[in-house]
Amino acid sequence: MGQGALTKERIFEAALKAFALHGYEGARMDKIAAEVNINKATLYFHFNSKEDIFRELFQNIVQKYRDKMKAIVTACKDMPCKECLKTIYREYLEYNLNNAEMDFWNRIYYLPPVDLREEIISITSESKKEFVANLTCIMEEGIKQKELRSMNPSHMAYTFYNILTCIDLSSGLMSKEQALQEMDCCFEVLWNGIKGM
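The rules behind these values
Residues numbered from 1 in each chain as written. Predicted model: local features only at pLDDT ≥ 70, side-chain atom pairs only at ≥ 80, totals over all residues. Heavy atoms only, no water. Helix = DSSP H or I, 4+ residues; strand = E, 2+ residues; numbered from the N terminus. Expected span 1.5 Å × (residues − 1). Buried < 20%, exposed > 50% of the residue type's maximum accessible area, 1.4 Å probe, protein only. Contact = heavy atoms within 4.5 Å. Phe/Tyr/Trp six-rings, centres within 6.5 Å; stacked < 30°, edge-to-face > 60°. Lys NZ or Arg CZ within 6 Å of the ring centre and 35° of its normal. Salt bridge = Lys/Arg side-chain N within 4 Å of Asp/Glu carboxyl O. 1 Å grid on protein atoms, 1.4 Å probe; cavity = no way out; pocket = protein on both sides within 12 Å on 5 of 7 lines; lining within 4 Å. Points joined across faces, edges and corners; volume = space filled by probe spheres on them. Nonpolar A, V, L, I, M, F, W, Y, C, P; charged D, E, K, R; others polar.

Here helix H7 (residues 117-144) is 28 residues long and its end C-alpha atoms lie 40 Å apart, about the 40 Å a rise of 1.5 Å per residue gives. Of the positions making up H7, those classed as buried are Ile-120, Ile-123, Thr-124, Ser-127, Phe-131, Val-132, Leu-135, Thr-136, Ile-138, Met-139 and Gly-142. Check the buried side of H7 and you find it contacts helix H4 (50-75), helix H5 (81-96), helix H6 (100-110), helix H8 (153-170) and helix H9 (176-194). Looking at the residues trailing H7, positive phi occurs at Lys-146, about 65 degrees.

One pass over the structure, following the stated rule, counts 15 aromatic pairs. Their ring planes at 35 degrees and their centres at 6.1 Å tell us that Phe-19 and Phe-104 sit as a pair that is tilted. In this pair, Phe-19 sits in helix H1 (residues 3-26) while Phe-104 sits in helix H6, placing the two residues 85 residues apart along the sequence. Each member of the pair, Phe-19 together with Phe-104, is buried. Between Tyr-65 and Tyr-92 the ring centres are 6.5 Å apart and the planes differ by 80 degrees, which places this aromatic pair in the edge-to-face class. Taken together, the residues span a long stretch of sequence, with Tyr-65 in helix H4 and Tyr-92 in helix H5 at a distance of 27 residues. A relative accessible area of 3% places Tyr-65 in the buried class. One aromatic cluster is present, built from ring pairs that chain together Phe-58, Tyr-65, Tyr-92, Trp-105, Phe-131 and Tyr-161. Here the guanidinium or amino end of Lys-50 rests over the ring plane of Tyr-24, the centre of that ring lying 4.6 Å away.

Considering all chains together, one arrives at 13 salt bridges under this definition. A salt bridge links Arg-90 to Asp-184; its shortest N-O distance comes to 3.1 Å. With a gap of 94 residues between them, Arg-90 in helix H5 and Asp-184 in helix H9 connect regions that are remote in the sequence. For Arg-90, a relative accessible area of 35% translates into the label partly exposed. A relative accessible area of 26% means that Asp-184 is categorised as partly exposed.

Considered as a void within the structure, the largest pocket measures approximately 330 Å³ in volume. Along the wall of the largest pocket there are 18 residues; nearest its centre are Tyr-109, Tyr-110, Thr-124, Tyr-161 and Thr-165. Elements with a contribution of two residues or more to the lining of the largest pocket: H5, H6, H7 and H8. Per-class residue counts for the lining of the largest pocket are 9 nonpolar, 7 polar and 2 charged. Approximately 250 Å³ is the volume attributed to the second largest pocket. Along the walls of the second largest pocket sit 16 residues, with Lys-77, Cys-84, Cys-137, Ile-138 and Glu-141 positioned nearest its centre. Residue contributions to the lining of the second largest pocket peak at 5 residues, all from H7. For the lining of the second largest pocket, the residue count by class is 8 nonpolar, 4 polar and 4 charged.

Spelled out as structure tokens, the structure:
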């Protein structure tokens, strides 16, 4: 990795911290530059504006998340349905819990900068659709293998996804162990409602 790429990576780290602590409006370019130990001119060499940093940081975080979710789903593809779904939720929560990037994403999704609101909602919606589509395929296969009831697989996928995200959003109020324990309980209730007869 070249010096320019290292500087850019350090800018992203400092920006992530600034946006997390101060929100979009409160994050200042001079503070980001100082955190990276560069002058503002160097910062502007890499990015035209705070909005450019924000956008690229957000897109990088979303792409990393999408790649991770795809990898999780792919890794458990040949498992029995119950084991696959358990693996997905454990890996999902492991990735999301205590992850500053995901905390940033949650914050900007629920409290977005006004000018970027529609863009953030749209990008988030696309990542959700992709993940739910992968979950729907798992539910369809589970139905086909008679591991799951013959129900609407898309509804099953959305239910699973919404339980995951609710536990994830609540996890800041509990330990990782407690979050996983609560998800275990939720999963058992869900599984008993969707498992095959």
